Amino acid sequence: MVKIGVFSDTHIGRAVPNVVAEQRRKAFRHAFKQAIDVFVRERVEYVVHGGDVFERRSMTPSDTKFVKEELQRLVDGLDGKVRILVVRGNHDGTSENSALDYIEHPLADYLKVLGDGTLKGEVDAYDDGRVTVVGFGYHPYAAKRIERVKEKIRRCFEDSSAENKIFVVHAFIEGHQDIPPGVPEYQVISRSVVEDLGANLVVAGHHHTHAKPKTVKGVTVLTPGATESVDLSDDSIHGVTILNVEDGRIDYEFKELTPLYKVRNVVIDSSGTIRDPEWYVERAVTSMREFGEELKTRGVKGLARIALKGSVEGDKFDLQEKLEIELRRLREEYPLLLQAILDNDLQETGVTISVTETTTKSEFLSQVFKPLGDEGREAALNLVEEVEFTLEEKASTRTGLLKDADRRRFVERWLKILGEGT
Ligand SMILES: [Mn+2]
């Protein structure tokens, strides 16, 4: 029997959103620590990491130190009887400049970064007779790249006498994950390629939502998911996976981690209906009050994200200001609610004006004045014409503007058209 601990997308050093940067940094570390605790408690023999150990962009030297020490704690806790196999994710840096270098060398006896050789056609494998692990690091054209090296990977697995043949990749796999819209085809590895590599277990990092292993044609594909909400828009559960492999049978156990801060994602969507600002504010406040109560009951701290989608009557920034005042009040009432981030994607109702090369001025103005109704539009168009005429006649040659007295009557008429004049 072989016992394998699997985790992925730990993003150590990630610090977004900025207003809660330090809390977020701590949260990722907290999850990593717990993952190591589980692996030690379970006495795993191998640990596989599916990539994105770090968030290179915002990590600090203390983040590398942290990961090194945690992995050392894992090794010590298992009396040195563990092998750690990692692939590089897109957030770990490039193959030439990878943050994984910081942990690979100090832990060389126990840890191996696999997968950058494979991308270049030299299959990177770890083989100790019990398990063979082939890595495939992140590549922006993963689907094409794997076509080039799949024969070599297959040969590597064929040549191995190990019972457990594991392929570790940092890429989306067709049919095994809920792939976000807009991801280009060349970044998604086709299921048939994965099923034909000769591996019996495939671990796929990159996708942040955990998916139970699925076995097709004798190949089990596991998406461990991230260990913490990588974005606050993701409030799914996160954890690590323990696999017990015996006689080709894979026993699976998901160990949920307790996040340092509970994450809540609320989407308030008018689904195309035009709503007034209060509609959005009320809903946001209600859901945050519920979240605040929940945090109070459980005695845990929380971070929320509120996404506003749809159409609003009026100014979306006015609405945002109002809502932010309400949220500040709620945070005073519920101190455990540390922050509620607003994602304001609202469309203001008004007109969308389309302009092409052949759009005439009167067509353009006609679109601009459409919300005024037929009568108002007619009056506005006349006003524009008169203003132009008057400008030509009376504008100052120096400034190009009308004198106050001439301008005033136009302003008064314009206000009348808008329904604001007397
Ligand atoms: Mn990731």
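The preceding data block contains the structure.
Bear in mind the structure is a predicted one, so any value in this text is a computation, not a measurement. Note on numbering: residues in each chain are counted from 1, in written sequence order. With the structure being a predicted model, the display of local features is reserved for residues of pLDDT at least 70 and the display and counting of side-chain atom pairs for 80 or more, all residues being used for whole-chain, interface and lining totals. No hydrogens and no water enter the side-chain calculation; it runs on all heavy atoms of the structure.

## Considerations on the nonpolar core
Membership of the largest hydrophobic core comes to 32 residues, with the highest contact counts inside it found for Phe39, Phe54, Val67, Leu71, Leu74 and Ile103. Residue assignment for this core shows that the elements contributing at least two residues are helix H1 (21–42), helix H2 (61–77), strand S3 (83–87), strand S4 (111–114) and strand S13 (239–246). Counting residues per element, this core draws most heavily on H1, at seven residues. We call two residues in contact whenever any of their non-hydrogen atoms come within 4.5 Å of each other. Residues contacting Val67, with those up to four places away along its chain left out, are Ile12, Phe32, Val53, Phe54 and Ile103. Buried residues of nine kinds, namely Ala, Val, Leu, Ile, Met, Phe, Trp, Tyr and Cys, make up a nonpolar core once their side-chain atoms join them within 4.5 Å. Throughout this description, buried means an accessible area under 20% of the type-specific maximum (1.4 Å probe, protein chains only), exposed means over 50%, and partly exposed covers the range between. Trp279, Val281, Ala284 and Leu295 belong to the second largest nonpolar core, which has 23 residues in total. Runs of H or I in DSSP of at least four residues are treated as helices and runs of E of at least two as strands, each being numbered from the N terminus.

## Let's talk about the sheet that holds S4
Think of it this way: DSSP has to see at least two bridges between two strands before they count as a pair. One open sheet accounts for six strands, arranged S4-S3-S2-S1-S13-S14; its pairing is mixed. One side of each edge strand has no neighbouring strand; the edge strands of this open sheet are S4 and strand S14 (249–256). Between one strand axis and the next, the sheet turns by 20° as a mean value, whatever way the strands run. Sheet topology places strand S2 (residues 46–49) next to S3; four bridges connect them, and they run parallel. Bridge pairing links His49 to Val86 in S3. Contacting strand S1 (2–7), S2, S13 and S14, H1 runs over the sheet at an angle of about 25° to S13. Lines fitted to C-alpha atoms define the axes, with helix axes restricted to the stretch in contact, and inter-axis angles between N-to-C directions lie between 0 and 180 degrees.

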